[in-house]
Amino acid sequence: MSLTRQLRDEHDRIRRRLREWDDLLVELESGVGTFAALRLKEEVHWVRSEVLPHLDAEESIVFSLLSERASDASATLRRLSDDHAQLRELIAQLTELAWRRQLGTATNAQAQELLKTLRWRLLDHIAREDGALPPLLLQTLSADEDAELLQRWQEQIASVTSQPVSDSQSPTPSLTLTDLNGRIHAWLDECLLRHLEALT
């Protein structure tokens, strides 16, 4: 396997998962609150545990190498880095919104709009990378360098994905009774969902 193949495989997995968001978007539109809120939380966890480490690995391994060796690609790398910053901002917003949705302080419509935006931006970014990165990597890397970078990539992803992912980016704020009530309901929803899944 090559680093280029690894990138494409990961991009394909991300695309497949994003296609599954159609069902969630329908659930959010229909107003089925409990299960939609739980599903939204699951998707946020997936984005934080799979997409963010992918972006980090691209920046630390691929972008850093290409910025050193392919000076003619600086505009492309700048654009891809800007995409990453925008995606990180959307992921942070989605993380907060999912928490607020469980507490009942965000609406399904808000969640639906943000999911659509994140999905569109992520798919657009992946298409841009698939067009730009493979030719640059093929022109820049020897077979030995490719194997070394692939190993570094896999080690970095493995080290990040083996660590638990926090559902929030900041310490838990002091809780009000409304917040506690929302958390209790979220916990009850999770218990109900696990019970229903066990029955099927």
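Notes on the structure follow. (Residues numbered from 1 in each chain as written. Predicted model: local features only at pLDDT ≥ 70, side-chain atom pairs only at ≥ 80, totals over all residues. Heavy atoms only, no water.)

1. Considering the packing of helix α1 (residues 3-19) against helix α5 (residues 108-140)
Going by this rule: Axis angles are defined between N-to-C directions and span 0 to 180 degrees, where every axis is a line fitted to C-alpha atoms and, for a helix, only to the segment in contact. Helix and strand definitions follow DSSP, with helices as H or I runs of at least four residues and strands as E runs of at least two, each counted in order from the N terminus. By definition in this entry, angles of less than 35 degrees are roughly parallel, angles greater than 145 are roughly antiparallel, angles of 65 to 115 are roughly perpendicular, and the rest are oblique. If you view the pair so one helix is near and one far, a crossing is left-handed when the near helix is turned anticlockwise from the far one by less than a right angle, and right-handed when it is turned clockwise. The contact criterion used is simple: two residues touch if any of their non-hydrogen atoms lie within 4.5 Å. In this classification, the charged set is Asp, Glu, Lys and Arg, the nonpolar set is Ala, Val, Leu, Ile, Met, Phe, Trp, Tyr, Cys and Pro, and all remaining amino acids, among them Gly, are polar.
One can describe the packing of α1 onto α5 by two numbers: an axis separation of 10 Å at closest approach and a directional angle of 165°. Between α1 and α5, the angle is such that the two are roughly antiparallel. Crossing geometry of α1 relative to α5 is assigned as left-handed. Residues Leu 3, Thr 4, Leu 7, Arg 8, His 11, Ile 14, Arg 15, Leu 18 and Arg 19 of α1 form the contact with α5, whose own contacting residues are Arg 119, Leu 122, Leu 123, Ile 126, Ala 127, Glu 129, Asp 130, Leu 133, Pro 134 and Leu 137. Residue composition of the contact of α1 with α5, grouped by class: 11 nonpolar, two polar and six charged.

2. Description of the nonpolar core
Heads up, the rule is: Residues belong to one nonpolar core when they are buried, are Ala, Val, Leu, Ile, Met, Phe, Trp, Tyr or Cys, and are joined through side-chain atoms within 4.5 Å. For every residue, the accessible area (1.4 Å probe, protein chains only) is compared with the maximum for its type, and the residue is labelled buried under 20%, exposed over 50%, or partly exposed between those bounds.
Membership of the largest hydrophobic core comes to 27 residues, with the highest contact counts inside it found for Val 51, Leu 115 and Leu 118. Of all the elements in the fold, those that place two or more residues in this core are α1, α2 (21-30), α3 (33-69), α4 (74-103) and α5. Sorting elements by how many residues they give to this core places α3 first, with eight residues. Those residues in contact with Val 51 that sit more than four places away from it in its chain are Ile 14, Trp 46, Ile 91 and Leu 122. Ala 57, Phe 63, Leu 149 and Trp 153 belong to the second-largest nonpolar core, a separate cluster that totals 19 residues.

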